[in-house]
Amino acid sequence: MKKVVLVALLSLFTFVTIQAQLPKCPVQDIDGKKVTLPQLIGKGKPVILSFFATWCKPCINELTTIADYYEDWQEETGVELIAVSIDQGADVRKVKPLVRSKEWSYQVLLDSNGDLKQQLSIPAVPTVFVFSAEGKQLYRHTGYTPGSEQQLIRIIRDSLKSTKK
Amino acid sequence: MKKQFFLTPLLVGLFATNIISPKAEAQEEKDNLFSYRIALQNESHYNLRKDNLLDSNGKPMRFMSNNYLDLWLQSKYLDAGTRVEYMPHPLPGLEMTKGYGVANIFIRGRYEWVQLTLGDSYDQFGTGLLFRAYEDRILGIDNSLRGAHLLLTPFEGLQIKALTGVQRNHFDRPLLGFNNKEHARGILSGVDLNAQFSQWIKPLKENDYFASLGFSFINKSERDNKDLKNIYLKNEAGQTLRLIGPLQVQGYSGRFLFQKGDFELSGEGAIKTSDPNRNNRYTYKNGTVAMLMASYATKGMSFLLGARRAENFDFRSDRGATLNDVRINHLLPFTPQESYSLVALRPYATQAQGEWAFQSEGRWSSPKKSSFWGKYGTQFRLFASYITGLKPLETNTSTTEEEGTLGRENAFWGLGTKYFHDYGVEVTRKFTPNYSAVLSYYNQAYNESVIAQHGTDIVQSHIWVYEGKHKVSSNFSLRTELQYLHDTKTGEALSDEQKEEERGDWAFGLIEIGIMSDWIISLSDQYNLGGGKRHYPLLSLAKTFGANRVQLSAGKTRAGINCSGGVCRYVPETSGINLSVSLNF
């Protein structure tokens, strides 16, 4: 009886989760395919979600620096990086030329309407999120300084160690 | 016994309403729950000067701030949200945002392929040439649409939007009201259709062709407001006649996007019917805008070319609106967005009344592990943008005589007065794993009288920028910037007034230290050595606490135009302390 009461009370407390849900609005990737964040995050691989713009120099620094480590990071942890461009209007057409010329192998999404930016309250770019393989938000950070990308892989490594336990 | 009777129906009820389902998969469990998100943003300024930012009594205003609190509730089928704003004493340059209250409120229902929002919504048609409702806090813009917004995605590749409502204009209406009672603005209604038809045509889909077409329509219904600045014409009997604007104004637009392999071609065009307003000097002709862009992007290289022509395309919910109030559409500047401070000293503002704009950009990444290009390669970016006015077919009509007429006729293809150009090159190279640098050169021309609406020159500048990034250790990083702007009109050629207005050469230096990826300390100075000889030093400290961020800075910022996305606002000179807080729960 006491166990039933306990389970019921605990279940009631899960009514409101502290973990905010991912926005469900669909956005296009640079190949024109429509995707939503819940389709890409929490699918068994840790995810780095990086918001950038073609005119944002620290954003390009961050994504270029990560590109040097990306293959190694993927081999070690299976991490996927999803880059979301907040470029507006005709600037959206500059995203693919930038991505291809830099030879980034990330999945790139176009948030030209600012839906994700608004729903995730992003005041400025670059803003980066780290999600665990189960989709839990582990980290969020605005701004980039050389070397701060190492924090991202540290967090992913820690989360994988704790799930193995 | 009693406990069991109480609990069993409660548990059954909770399971029945699907609020909790302990045996569900992790994903479904999340979908059955409500979740919330809270975000708080504060931007404050404390004025330290006695002779600046004076109120109506001539006393300096001290503490000014803009505060935003967002709350969202999300679940599988239903979302709701609100934003409360509090700015009784707004930041310098954001005086139009003065007020406080509920700025945004909405409820959204989602089922299968239908989504309906009641309340305030943001959206755009295509690239926003015809309709764009968005929020930009730096500029004090929030032209959300209060009414209803319907989104339908019945099958893959097709998207239909329908919306109707009244735009927000700061705090000029009651809490849940639609419109200002004394001076009602127009009601907007529109539909948009986007079809990725390459999805439906098997040979196209299988051969990786991507093609989409879009069409939009918008209608503004704005009644006559007798308090509008009126155009008085005399009729034959010598009686004064007053302008009554058309009740309905329609806008139509079409767009296409075509991609195959490394090539892409896109275009968008729009037309607006007769819409006499303050910005087009109450003239009656139609407005048009057309844009075409093409690009080629492959591994390590890309090239982009674009052109856009706009004529009489300032579109507002209130025909007497000024500044950035109640804009219906959004024409971004057809120029590269610059972020280095001296390069962004004179930014371009879109001249929706008439402009021809061209831009191009080429990028190339050299091979890596080369003795000439370096172990990590060298990256190049070349860009150019060129903007002129339209070429009028008659040159002898004065602008005041245009009121109440069709307006000046312009050639479609002809190029008129030079407005702006910005071209240059940017070279990036990583020398060692711990040091990389960017060296750039920009050449700019800026038509003062057209863009800033004062002065008579076309300001010509050469700008050189060096930026170095050093990873000092795993916990420390250093970033340095050196910029120099050379104004071709210098020394003796500049009048005292021009020197006061900060023409002439400028220099800029910045040092930024990053500690443990949580702290950023920076010190910078902007110096107008060729003009008023004023320094603008700034010391800033930023700290990240998890998902939250605080930035404190002190110093002087120059008066100028702060632009974002082609719309600009004037920011007065400030001397004081600035605080910026961003909290996320």
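Student: Quick question: what am I supposed to make of the nonpolar core here?
Tutor: Grouped together as the largest cluster of nonpolar side chains are 49 residues, with contacts concentrated most on I48, L49, F51 and F52 of chain A. For this core, the secondary structure elements donating two or more residues are α2 (37–40), β4 (47–52), α3 (57–77), β5 (80–85), α4 (95–102), β6 (107–110), β7 (127–131) and α6 (149–164) of chain A. Ranked by residues supplied to this core, first place goes to α3 of chain A with six residues. Non-local contacts of L49 of chain A, meaning those with residues more than four positions away in its chain, are made with L37, I41, I82, V84, L120, T127, V128, F129 and F131 of chain A. One finds F131, L145, L163 and F315 of chain B within the second-largest nonpolar core, a separate group that totals 18 residues.

Student: Just checking my understanding: could you explain the pairing of strand β17 (residues 263–272) of chain B for this structure?
Tutor: For a regular strand, side-chain orientation follows a simple rule: the groups alternate between the two sheet faces. All names here are of chain B. Sheet analysis places strand β16 (residues 248–260) next to β17, joined by 10 bridges and oriented antiparallel. The residue bridging G251 from the neighbouring strand is K272, located in β17. Here β16 hands over to β17 after two residues, with G261 in that stretch at a positive phi of 60°. Note that β17 and strand β18 (residues 287–298) share 10 bridges and pair antiparallel. Across the sheet, K272 pairs through a bridge with G287, a residue of β18.

Student: Before we go on, may I ask you to explain the state of the cysteines in this structure?
Tutor: By definition, a disulfide links the sulfur atoms of two cysteines through a covalent bond. Under the definition given, this model contains one disulfide over all chains. For C25 of chain A, which is in no disulfide, the shortest distance to another cysteine sulfur is to C59 of chain A and amounts to 19 Å.

Student: What's the story with α4 of chain A in this structure? I'm lost.
Tutor: An α-helix turns once per 3.6 residues; consequently, residues spaced three or four apart project the same way. Counting buried positions along α4 of chain A gives seven out of eight residues, so the element sits mostly inside the fold. The positive-phi residue at the C-terminal boundary of α4 of chain A is E103 of chain A, with phi of around 60°.

Student: Help me out: how do you make sense of the packing of aromatic side chains in this one?
Tutor: Between two aromatic rings, the relevant description is the distance of the centres plus the angle of the planes. Following the criterion strictly, the structure yields 26 aromatic pairs over all chains and no others. Arranged with centres 4.9 Å apart and planes meeting at 80°, the rings of F412 of chain B and W413 of chain B form a pair that is edge-to-face. Judged by relative accessible area, F412 of chain B falls into the partly exposed class, the value being 42%. In this structure an aromatic cluster arises from ring pairing among F52, Y70, W104 and Y106 of chain A. Between the NZ or CZ atom of K543 of chain B and the centre of the ring of F545 of chain B, over which it lies, the distance is 4.7 Å. Taking NZ or CZ as reference, K556 of chain B lies 5.2 Å from the ring centre of Y536 of chain B, over its face.

Cut-offs applied
- Residues numbered from 1 in each chain as written.
- Chains lettered and ligands numbered in written order.
- Predicted model: local features only at pLDDT ≥ 70, side-chain atom pairs only at ≥ 80, totals over all residues.
- Heavy atoms only, no water.
- Core = buried A, V, L, I, M, F, W, Y, C linked by side-chain atoms within 4.5 Å.
- Buried < 20%, exposed > 50% of the residue type's maximum accessible area, 1.4 Å probe, protein only.
- Helix = DSSP H or I, 4+ residues; strand = E, 2+ residues; numbered from the N terminus.
- Contact = heavy atoms within 4.5 Å.
- Pairing = 2+ DSSP bridges.
- Disulfide = S-S within 2.5 Å.
- Phe/Tyr/Trp six-rings, centres within 6.5 Å; stacked < 30°, edge-to-face > 60°.
- Lys NZ or Arg CZ within 6 Å of the ring centre and 35° of its normal.

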